[in-house]
Amino acid sequence: MIIAAGGGRRIGGPEALLHQGEKPLVSRMIDTMAEAGCVEVVVVLGAAADQVRQTTDLTAATVVVNRAWGTGVGSSIRAGLAALTDETIEAVVVVPVDMPGLTAAAVRRVAALPYPDVLVCATYDGLRGYPMLFGRRHWSGIATLASADVGARPYLLAHKDQIVDIACDSVADGSRIDSPELMALYGLNIPEQRVASEVG
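All of these numbers come straight from a predicted model, not from anything done at the bench.

A. Structural view of the pairing of strand S5 (residues 62–65). Here strand S4 (residues 42–45) runs beside S5; their pairing, made up of 4 bridges, is parallel. Counterpart to Leu-45 in the pairing with S5 is Val-65. Crossover S4 to S5 through helix H2 (residues 49–55) is right-handed.

Spelled out as structure tokens, the structure:
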């Protein structure tokens, strides 16, 4: 599951419109998840959803639009989980779109135990981050507790003794893009004509 719904107030535009060079970052993330072996990729859109669908090839993913994206990432997690209707899926890997240093190796590492009762978090310098793996038995609890901009954190805190931490420092960069400076550092941009058309 790729969360690409945020408005990106701190970076000057919707996260789903981020480009690395000429390629939309959401497309890179879909490729990364597929390379890691995910059997289904769900992309949760919100801000600028119509624009993203017009300008980005999302045919390799199931697209969900979270109309309540402004309430925070919790509603996007709920929307994404609700879209996973295939009962044979036992676990879901969750990543944010604004993580250009994510690699298929990190996704594979976190998803190595895709069982219904697991909770796994990647760590970077000992701090938990994405990717995260949520076993199916936890989905309803996560959806119930997911709130605002802290997402699954309340559920994870309540079940902290069950979380398996997997160090991903050596295979990925866990940075999230939350400033214009980081955008520049990673060579990211939001094409101006698309921002202008959204505003217009």
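Once you've had a look at it, read on.
B. Local environment of helix H3 (residues 73–83). Of all the positions in H3, only Gly-74, Ser-75, Ser-76, Ile-77, Ala-79, Gly-80 and Leu-81 are classed as buried. Check the buried side of H3 and you find it contacts strand S1 (2–4), S4, S5, strand S6 (91–96) and helix H5 (139–145).

C. The arrangement of the pairing of strand S8 (residues 127–135) in detail. For S8, the tally of buried residues reaches 7 of 9 residues, placing the bulk of the element in the interior. Relative to S8, S6 runs antiparallel, the two being bridged by 4 bridges. Across the sheet, the residue bridging to Val-93 is Leu-133, located in S8. As judged from the 6 bridges shared by strand S7 (residues 119–124) and S8, these two strands associate in the antiparallel manner. Paired with Val-120 across the two strands is Leu-133, which belongs to S8. A loop of 2 residues connects S7 with S8, the two strands running antiparallel in sequence, and Asp-125 in this loop sits at a positive phi of about 55°.

D. Structural detail: the pattern of salt bridges. According to the stated counting rule, one finds 3 salt bridges in the structure shown. Between Lys-23 and Asp-31 there is a salt bridge, with the nearest N and O atoms lying 2.6 Å from each other.

E. Quick look at the side chain of Thr-56. Along the chain, Thr-56 turns up in the loop between H2 and S5. Here Thr-56 falls in the buried class, since its relative accessible area comes to 8%. Look past the residues within four positions of Thr-56 in its chain and what remains in contact with it is Pro-24, Val-26 and Ser-27.

F. A look at the state of the cysteines. Enumeration over the complete set of coordinates arrives at 0 disulfides. As a non-bridged cysteine, Cys-38 has Cys-168 as the owner of its nearest cysteine sulfur, 13 Å distant. In this structure Cys-38 comes out as partly exposed when scored by relative accessible area, which is 24%. Not engaged in a disulfide, the cysteine Cys-121 finds its nearest cysteine sulfur in Cys-168; these two sulfurs lie 10 Å apart. Exposure remark for Cys-121: the relative accessible area of 1% places this residue in the buried category.

G. Fine view of the nonpolar core. Counting residues in each nonpolar core, the largest one holds 64 residues, and the members touching the most others are Ile-2, Val-43 and Phe-134. Ignoring sequence-local partners within four residues, the contact set of Phe-134 consists of Glu-90, Ala-91, Val-92, Val-94, Val-118, Leu-119, Trp-139, Ile-142, Ala-152 and Leu-156.

H. Expanded view of the sheet that holds S1. Taken together, the 7 strands give an open sheet; going across it, the order is S5-S4-S1-S6-S8-S7-S9, and neighbouring strands pair in mixed fashion. Since the sheet does not close on itself, it has two edges, and those belong to S5 and strand S9 (163–167), each with one partner. For this sheet the average axis-to-axis angle between neighbouring strands, irrespective of direction, equals 25°. Both S7 and S9 contribute to a ladder of 5 bridges, which runs parallel. What sits directly across from Leu-119, in S9, is Ile-163. Against the sheet, H3 contacts S1, S4, S5 and S6, and its axis sits at roughly 145° relative to S4.

What counts, and at which threshold
Every residue gets a number counted from 1 within its own chain, in the order that chain's sequence is written. Per-residue local features of the predicted model are confined to residues with pLDDT of at least 70, and side-chain atom pairs are confined, for both listing and counting, to 80 or more; whole-chain, interface and lining totals are unaffected and use all residues. To obtain the side-chain values, all non-hydrogen atoms of the structure were included, while hydrogens and water were left out. Only strands joined by at least two bridges in the DSSP assignment are considered to pair. Think of it this way: any DSSP run of H or I at least four residues long counts as a helix, any run of E at least two long counts as a strand, and we number them from the N terminus. The path from the first strand over the helix to the second decides the hand: if it runs clockwise while the strands point away from the viewer, the crossover is right-handed. The buried label applies to any residue whose accessible area, calculated with a 1.4 Å probe on protein chains only, is under 20% of its type's maximum; exposed applies above 50%, and partly exposed to all values in between. In what follows, residue pairs with any heavy atoms lying within 4.5 Å of each other are defined as contacts. One side-chain nitrogen of Lys or Arg within 4 Å of one carboxyl oxygen of Asp or Glu is enough to make a salt bridge. Here, a disulfide means two cysteine sulfur atoms that sit within 2.5 Å of each other. Throughout this description, the term nonpolar core refers to a set of buried Ala, Val, Leu, Ile, Met, Phe, Trp, Tyr and Cys residues connected via side-chain atoms within 4.5 Å. Throughout, an axis means a line fitted to C-alpha atoms (over the contacting stretch in the case of helices), and angles, computed between N-to-C directions, take values from 0 to 180 degrees.

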